[in-house]
Structure formats: C-alpha cells, structure tokens
Amino acid sequence: MIKRKLIVAGLIGAALGLGAVPAYAHGFGQRYDLPVPLNLFLVGAAATVALSFVVIGLFVRGRASEFRYPRYDLLASGRASAFLANPLLVVPVRLVAVALFLLIVATALFGTERPVENLAPTMVWVIWWVGMGYIVALLGNLWALINPWKAIFEVGARLMGDDGGGAGRETAMFRYPEKLDVWPALLLFLVFAWLENVYTDGAQPLKLGILVLLYTTITLGGMVAFGKHTWLRHGEAFSVLFGFFSRFSLTEVRVSDTSVCRGCDAECALAVEGCVDCYQCFEAASRESRELNLRPFAVGLAHPSRVSAATAVFVILALATVTFDGLTATPGWVDFQTAVYRTASLAGANAVTVIDTAGLVLLPVVFLSVFLVFSWAIRQLSGEPVPVSDVVRGFVFSLVPIALAYNLAHFLSLLLIQGQLIVPLVSDPFGLDWDLFGTADYGINIGVINAKFAWYISVAAIVTAHIISIYIAHVIALRRVPDHLMALRGQYPMMMLMVLYTATSLWIIAQPIVAEG
C-alpha cells in the first residue's frame, strides 16, 4: 500500500514529496497541443467577447430602477420549507462539518508527516479550498451554513448563556472600528495566498495543523471581541471571499420584512425588494419573512450595494492571486526568476521565496493600477461627475465571473485528479496503514480528464465569464448613467479590458507547466 501511494506521489510530482504547496497545486502537468495556433484561439475568443458587447449594448436597455429578475422561493412550498428548515437536516450537516474540521486538525497534528498519506493537506488544499469555491459560486453560500468556526462559536456562546442578543443584535466586547472595514479579512487572505503560492512547507501536515489552529484562534477571538456576524463580515477571510463568489450563484437568501434590518449593524436593506444575503437578518427573521430563492446565475453581482474601497481591493486581490498562481507555473515566470536572481545578485535558499513574495504583492498592485486607468476612461466617456475611485467601486463586482472562470480553468484538473487522493485517505486518514472502508489501495485514475477536454472547458469558461462580466458591467452602467448611449459609450474601455484579460488568461493556461520546488 505504501508503494502504491509512492507511485501516486510520483504522478502528482516529485516536489510534492518535499511538501511544496505550489507543486502540490500543479500536479497535472500535461498541456494539450492545440489543433490551431494559439494566436487564432486568442483572436477568436477576443472577437467573441467584443461581439457580445455589441449584442448586449443593443438589447440590454432600461433604467436601473427597473432591474428585476425571476426568482422562485423554495420555502414557499410547505413540504420544501419543512425539509430545508428542519433542524434534523441542518444540525447534522453542521455537526459533520465540525467533526470533519476536528479530524483534519487531528490528522495534521498526529498523523504521518508524508503529505500524500495524510488527510489534512488533500482536504485543505484540494477538496476544501478548490471544491468549496465551486460550490458557493454555483449552488449558493453553503459556507455560511457549515463554517466550523461559526458553529463552534455558537455552541460556546450557548454554553455561556449568550443567545446573541436577539432580533439580529449581537453581544460583543468591543465596537468594531468602521475604518477597519474588511481590511483584516483582506490581510488574512493575502497571508493565505502566500502560504498557498510561496511558502514551501504549507503541505507539511504538522505545520499546516499549526496554521489552522492559529487561524482558529484569530477567528474565534475576533467573534468574541466584535460579535459573530460582525467578524464574519469583516475579518473572516473565507466568509468574505465566498460571499463575493456566492453572488454569482443560483440561490440567494432574502428577508422580505426589512424591519428586521433595524437590529442589524450591516447596510443590508439596499435591494429594491428586500434584504438580500444578509445572514444576520436571515437568522433573526421570522420563518414567514424568510426566502430561499432560485435565481438566474450572476444577477446577484448587479445588486445595488455600497462597495467600500477595501471590498474593491479584496475583489481585485482575489483575481490577481489566482492569476499569479497560474503564472508561477509557466516557463516565463521561471525565466523572470532567473533574470531577477542574476540581476539583483540574490543568494541563498530564500531567493526564490523573496522573488515570489514580491510578485504576489506586486501583481495585485498592477491589476489595481490597470483597473484604475480603465475606470478613468469609463468616467471620461460616460461623463460621470464622480471620482475615479467611485467608478472602481461601482464596477468591481463585474470582475467576479472572471475570477471564478480562471479558478475553474486553473484548478479543474487538480480537483479531478489529485482530489481522488481522498478515496484512499478516508480509509487511512492518519497514514497508519489502516483500511477502515476498504479503499486504502485505490489507484488514482489520471485519465479521468484529459488535456484536450480541460483546454476546451477552460476556453469556454473564460470566454463565457468575460461575456457575463460585460453584461453585469452594462447593467451597472445603466444604473449609474440612465442615458443608454452614454452608458454604452462609457463601456468601451470595459470591453477593451475584457478582451485584454481574455487573451492573457488563455495565454497563461496554454503554457506548459513547469516543476516547482
């Protein structure tokens, strides 16, 4: 069995055996030989995005106040409501989530130090990080339900006799400083991105377990200090990030009776027809005023909302970090590392870490700078008498589909191939030669997805996402500039930005993957 797992480790990549997270995330090294030159793919994809702009401009009209979308309340049916809101369904799901979290911590701290044979690295870096992003983007914000830190805090609060204050209000030791906004969550996510893309020991189980416990301490401490929902909205990096992603999803939670919002410390009742995706109000609302709606994909990104500077920077950071993850696996990045290494006369084992850290920090700055330039152009052409920063905040959520699509393009093979490691690991989570469920000898099927299929899925996802982004940006533009022709003219820079990023994304995923160590 150990030999079989060593063969699996070889398939995943030799550097994985050394515990290097970047290599752990780039085990699928095959690239498809395109049937036509890459340049033709780029031109075709860019032309498709540009054509979509014309079509959307011709057919998407109307004023922002008229923005509506069809939705169906799953809780309107008595049987569906009884099933979905039944504690016999919700409580076991949350108990399983907490139990799995505790198992991950236990395997990390007390299991084998070989990453491939320990449950924790696969669960954290593949199943949870990659898989949860897909789930919340497609189905809805499941993370708000199964967040283990939230569940643990709630159990602790009840044991201490704290019911949360009732009516949506929270009890807290301190008032959260408004000027901090979501900067704590942004900083924590940047640290997480560094651990994923730069830190070479992030897949070592013991170190990973210590990092998880450290984040647990920060999260529980934040909820104790500032209140559960307050910290989840401002300081818990994954609640904030998955909240962005879930705006794209098929479902939403809504509170029709916005009087509940008076007890909420979030600005959540800005939608035309009620309070949308505010879980503090949803928990406090009566069953009669709760809605769990099916809706078209991506419409949640066009909801009117007040977007802060920190939120805008967070969205751009999310887009930049996943792009950086793909970029670091290309020969071009290796050449860049070599050039910097020689030019700066760097020395020592940490030289690559320094270069990658600088790249991880600088690429979001580049992305933000580019978006500022295009936002300035949007303001000039649309005639909006507002600061450029206001344009950035207004249109930033139109970038979310791009982040999701590139996430899919970059991580699909990782999830489908390396994710299969979970099958033997459920039988032997600690790497102690157990076989609890008879799956310990499962062999990884590397043919579950081939490079040709992955390439075409990636192209389709990226091009479709950019078209959706153009649509969302156009809807937002009509809200900001009621004159249709002025709004359309102001979207020319957005179209150029989408074409540019489409070409860049396809170029990155077409590059051969290099080994990292």
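Just so you know, these numbers come straight off a predicted model, no measurement behind them.

*Asks:* What is the right way to look at the overall build of the protein chain in this model?
*Replies:* Across its full length, the protein chain holds 22 helices and four strands. Taking all 517 residues of the protein chain together, 53% fall into the buried category. Carbon and sulfur atoms make up 68% of the accessible area of the protein chain, which amounts to about 23000 Å² in all.

*Asks:* Even after reading the chapter, I still don't get the packing of helix α9 (residues 183–197) against helix α12 (residues 237–246), so can you show me in this structure?
*Replies:* Relative orientation and spacing of two packed helices are given, respectively, by the angle between their axes and the distance between those axes. Contact pair α9 / α12: the axes reach a minimum separation of 8 Å and the direction vectors enclose 95 degrees. In terms of their interaxial angle, α9 and α12 are classed as roughly perpendicular. Here Ala185, Leu188, Phe189 and Phe192 of α9 lie close against α12, whose contacting residues are Ala237, Phe238, Val240 and Leu241. Tallied by class, residues from the contact of α9 with α12 come to eight nonpolar, no polar and no charged.

*Asks:* Please clarify how empty space enclosed by the protein should be interpreted in this entry.
*Replies:* One way to see where empty space is left: roll a probe the size of a water molecule over the atoms. This model, assessed by the stated rule, comprises six cavities of 30 Å³ or more. What lines the largest cavity is a set of 14 residues, and nearest its centre among them are Trp129, Ala318, Thr321, Val322 and Asn407. When contributions to the lining of the largest cavity are tallied by element, the ones reaching two or more residues are α9, α12, α14 (309–327) and α18 (400–417). Sort the elements by how many residues they give to the lining of the largest cavity and α14 lands first, with five residues. Across the lining of the largest cavity, the residue classes tally to nine nonpolar, three polar and two charged.

*Asks:* Please explain α9 as it appears in this structure.
*Replies:* The α-helix advances 3.6 residues per turn, and as a result positions three or four apart in sequence lie on the same side. Between its first and last C-alpha, α9 extends 21 Å over 15 residues, near the 21 Å set by a 1.5 Å rise per residue. Here α9 has its buried residues at Pro184, Ala185, Leu186, Leu188, Phe189, Phe192, Ala193, Leu195, Glu196 and Asn197.

*Asks:* Would you mind showing me how to read the environment of Asp257 here?
*Replies:* If you trace the backbone, Asp257 turns up in the loop between β2 (251–255) and β3 (275–276). Of the residues examined, Asp257 reaches a relative accessible area of 36% and is grouped as partly exposed. In sequence terms Asp257 and Ala285 are 28 residues apart; their C-alpha atoms lie 7.8 Å from each other.

*Asks:* How do you make sense of the packing of helix α16 (residues 351–382) against helix α22 (residues 492–510) when you look at a structure like this?
*Replies:* Contact geometry for α16 and α22: axes closest at 8 Å, N-to-C directions at 150 degrees. When the interaxial angle is binned, α16 and α22 end up roughly antiparallel. Contacts from Phe367, Val370, Phe371, Phe374, Ala377, Ile378 and Leu381 in α16 reach Tyr492, Pro493, Met494, Met496, Leu497 and Tyr501 in α22. A class-by-class count of the residues in the contact of α16 with α22 yields 13 nonpolar, no polar and no charged.

*Asks:* What exactly am I supposed to notice about the packing of aromatic side chains here?
*Replies:* Centre distance and the angle of the planes are the two values used to describe a pair of aromatic rings. Using the criterion set out here, one finds 30 aromatic pairs in the structure. Considering the side-chain rings of Phe244 and Phe397, the 5.5 Å spacing of their centres and the 70 degrees angle between planes classify their relative orientation as edge-to-face. In this pair, Phe244 sits in helix α12 while Phe397 sits in the loop between α17 (388–395) and α18, placing the two residues 153 residues apart along the sequence. Judged by relative accessible area, Phe397 falls into the buried class, the value being 5%. The ring of Phe397 has Arg247 lying over it, and the distance from NZ or CZ to the ring centre is 3.9 Å.

*Asks:* Explain the pairing of β2 to me, please; I cannot follow it from the model alone.
*Replies:* Look at any regular strand and the pattern is simple: side chains alternate between the two faces of the sheet. The buried count for β2 comes to five of five residues, which makes it a mostly enclosed element. The two faces of β2 match: Thr251, Val253 and Val255 on one face and Glu252 and Arg254 on the other face are all buried. Of the pairings in the sheet, the one linking β2 to strand β4 (residues 290–294) comprises five bridges and is antiparallel in character. Within the sheet, the bridge partner assigned to Val253 lies in β4 and is Leu292. With two bridges connecting them, β2 and β3 associate as antiparallel partners. Bridged to Val255 within β3 is Cys275.

*Asks:* Looking at this model, I keep getting lost on the sheet that holds β4. Mind explaining?
*Replies:* In a beta sheet, neighbouring strands pair by backbone hydrogen bonds and run either parallel or antiparallel. Within the open sheet, the four strands sit side by side as β1-β4-β2-β3. Their pairing is antiparallel. Strand pairing shows two members of the sheet lacking a second neighbour, β1 (72–73) and β3, which therefore form its edges.

*Asks:* Explain the pairing of β4 to me, please; I cannot follow it from the model alone.
*Replies:* Taking every second residue as pointing to the same face, the buried face of β4 carries Glu291 and Asn293, while none of Arg290, Leu292 and Leu294 on the other face is buried. Where β1 and β4 come together, two bridges link them in antiparallel fashion. Counted as the bridge partner of Tyr72 is Leu294 from β4.

*Asks:* What is the right way to look at unusual backbone geometry in this model?
*Replies:* What is expected of a backbone is that most residues other than glycine have negative phi and most peptide bonds are trans. The phi dihedral of Asp181 falls on the positive side, at around 45 degrees, and the residue is not glycine. Judged by its relative accessible area of 18%, Asp181 is buried. In the Ramachandran plot, Asp277 falls in the positive-phi region, its phi being about 55 degrees despite a non-glycine side chain. Asp277 sits in the partly exposed class, given a relative accessible area of 23%.

*Asks:* Looking at this model, I keep getting lost on the pattern of salt bridges. Mind explaining?
*Replies:* Between side chains of opposite charge, a pair can form when the charged atoms approach closely. As enumerated under the stated definition, the model contains 14 salt bridges in all. Glu291 is paired through a salt bridge with Arg71; the nearest N and O atoms lie 3.9 Å apart. Placement of the pair is Glu291 in strand β4 and Arg71 in the loop between α3 (38–59) and β1, with a sequence separation of 220 residues. Ionic pairing is found between Lys150 and Glu283, a salt bridge with its closest N-O pair at 3.1 Å.

*Asks:* What exactly am I supposed to notice about the confidence of the model for the protein chain here?
*Replies:* Where the model shows low pLDDT, its predicted coordinates should not be examined in detail. Put simply, the protein chain has an average pLDDT of 83, and 82% of its residues get 70 or more. Contacts of residues 1–32 to residues separated by more than four positions or lying in other chains number 92 contacts, the stretch itself having pLDDT below 50.

The rules we used
Residues numbered from 1 in each chain as written. Predicted model: local features only at pLDDT ≥ 70, side-chain atom pairs only at ≥ 80, totals over all residues. Heavy atoms only, no water. Helix = DSSP H or I, 4+ residues; strand = E, 2+ residues; numbered from the N terminus. Buried < 20%, exposed > 50% of the residue type's maximum accessible area, 1.4 Å probe, protein only. Areas by Shrake-Rupley, 256 points an atom, 1.4 Å probe, with all protein chains shown as cover. Axes fitted to C-alpha atoms, helices over the stretch in contact; angles between N-to-C directions. Parallel < 35°, antiparallel > 145°, perpendicular 65-115°, else oblique. Contact = heavy atoms within 4.5 Å. Nonpolar A, V, L, I, M, F, W, Y, C, P; charged D, E, K, R; others polar. 1 Å grid on protein atoms, 1.4 Å probe; cavity = no way out; pocket = protein on both sides within 12 Å on 5 of 7 lines; lining within 4 Å. Points joined across faces, edges and corners; volume = space filled by probe spheres on them. Expected span 1.5 Å × (residues − 1). Phe/Tyr/Trp six-rings, centres within 6.5 Å; stacked < 30°, edge-to-face > 60°. Lys NZ or Arg CZ within 6 Å of the ring centre and 35° of its normal. Pairing = 2+ DSSP bridges. Salt bridge = Lys/Arg side-chain N within 4 Å of Asp/Glu carboxyl O. pLDDT = per-residue confidence, 0-100.

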